[in-house]
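Residues per chain, in single letters:
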Amino acid sequence: MHELSIVSSVLDQLDELKKQHEGAVFSKVGLRVGELAGVDVDCLRFGFEAVVKDTHWERLALEIEQVPRRQRCPACSEEFRAENWATTCPKCGETETVVVAGQELEIAYVEVEE
Amino acid sequence: MSQIVVEKKVLNENQKIALELREKFRAHKILVINIVSSPGSGKTTLLEQTLERMDKSKRVALLTGDLQTENDARRLAQWGFPVKQIITGGTCHLDAKMIERHLADWPLENIDVLIIENVGNLVCPTGYDLGEHFKIVMLSVTEGEDKPLKYPSIFVKSELMILSKVDLLPYVPFDAEVAKSNARMVHPGIEIIETSNKGDGMEQWMKWLEEKLAAVKSGELISI
């Protein structure tokens, strides 16, 4: 359960960002969370609600984009969605494929009220 | 409504410190490993066995993380290598700042291998880079064979899986082949060593450490 520290890290960065955009009202933050990021999205939402309550971020909405795991085959360069741990290359059968997406834990954007 | 593109890692601050640590480790040619497992998989036991066998000319230092107590540091101190306990006070993982703080008064030029024993937890330590070369995940045969499938992230990020307590295999309903194949399904290419506190696999594990250390010393292994 480290979702609370993740929420704090997000809000710390937004506080910094706010200094560069004086007077702007941030209405929404968009996060990108890979399925291999080790983050439970429901916990993150719950933690976010709990942390922003009664603070200057109370009106900030949260949007989460979940990124599925994708692998690339070093043998034939095929890129594919690895569903249910099927990491073997569907094209050439190579077993040692590498992760190319799904480990993200990023702040993608913030929306600003006009 | 307008949008500001941010595109930053959430754990940016941790990442920055981890990069600084990595730079220091590289300058002093220190091999750094970060051991992660559930509580009770045998991290401290593995380390005791490692220190017992470690060539005394190798300068090993240990940081061991727990929510409370200094018990692990006490267990590990008897082998004469420097050990520090990091008490997280309830936090479920170690972060780069804790490592930086606890290393502050240790002369890095006197360390060849730094072993970090993370807090017992298969989820939270995953996302926190500590500047290590390798994460190592441990799974014991008294757990479930499906742990790699339930907690895939840490298995994906680990170079090596240590399957511990294999001396108990005759007494537990645990299929080692299934566990290994689950780990390989989640992370094709993960190395696997089977160990027990009776000494099984220790030769292989010590050789793994020796090889990685030699590669760090020769400059062949650089972590980025």
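No experiment lies behind these values; they were computed from the predicted model shown.

**A word on the pairing of strand S6 (residues 134-140) of chain B**
Residue and element names in this part refer to chain B. In terms of residue burial, S6 counts as a mostly covered element, since seven of its seven residues are buried. A two-sided burial pattern is seen for S6, the buried positions comprising Phe134, Ile136, Met138 and Ser140 on one face and Lys135, Val137 and Leu139 on the other. As paired elements, S6 and strand S7 (residues 158-164) share six bridges and run parallel to each other. Paired with Val137 across the two strands is Met161, which belongs to S7.

**Overview of the packing of aromatic side chains**
All names here are of chain A. Inspection of every chain in the model, using the stated rule, returns three aromatic pairs over all chains. Both rings, one in Phe26 and one in Trp57, keep their centres 6.0 Å apart while their planes meet at 25°; by these two values the pair is stacked. Here Trp57 lies in the loop between helix H2 (41-52) and strand S2 (61-67) and Phe26 lies in strand S1 (residues 25-34), a separation of 31 residues in the sequence. Residue Phe26 is classed as buried on the basis of its relative accessible area, which comes to 5%.

**Some remarks on the layout of surface pockets**
One number sums up the size of the largest pocket: a volume of about 860 Å³. What lines the largest pocket is a set of 34 residues, among which A:Gln103, B:Thr126, B:Asp129, B:Lys135 and B:Lys157 lie closest to the centre. At the level of elements, strand S5 (98-101) and strand S6 (105-113) of chain A together with helix H1 (12-27), S6, helix H6 (152-157) and S7 of chain B are the ones that each hand at least two residues to the lining of the largest pocket. It is S5(A) that provides the largest number of residues to the lining of the largest pocket, a total of three residues. Looking at side-chain class alone, the lining of the largest pocket contains 15 nonpolar, 10 polar and nine charged residues. By volume, the second largest pocket is sized at about 340 Å³.

**Looking at unusual backbone geometry**
In this structure, A:Ser77 is a non-glycine residue whose phi angle is positive, near 70°. With respect to the helices and strands, the residue A:Ser77 is situated in the loop between strand S3 (70-72) and strand S4 (79-81). Despite not being glycine, B:Lys165 has its phi angle at roughly 60°, a positive value. Along the chain, B:Lys165 turns up in the loop between S7 and helix H7 (176-186). You can call B:Lys165 partly exposed: its relative accessible area is 24%.

Conventions and cut-offs
- Residues numbered from 1 in each chain as written.
- Chains lettered and ligands numbered in written order.
- Predicted model: local features only at pLDDT ≥ 70, side-chain atom pairs only at ≥ 80, totals over all residues.
- Heavy atoms only, no water.
- Buried < 20%, exposed > 50% of the residue type's maximum accessible area, 1.4 Å probe, protein only.
- Helix = DSSP H or I, 4+ residues; strand = E, 2+ residues; numbered from the N terminus.
- Pairing = 2+ DSSP bridges.
- Phe/Tyr/Trp six-rings, centres within 6.5 Å; stacked < 30°, edge-to-face > 60°.
- 1 Å grid on protein atoms, 1.4 Å probe; cavity = no way out; pocket = protein on both sides within 12 Å on 5 of 7 lines; lining within 4 Å.
- Points joined across faces, edges and corners; volume = space filled by probe spheres on them.
- Nonpolar A, V, L, I, M, F, W, Y, C, P; charged D, E, K, R; others polar.

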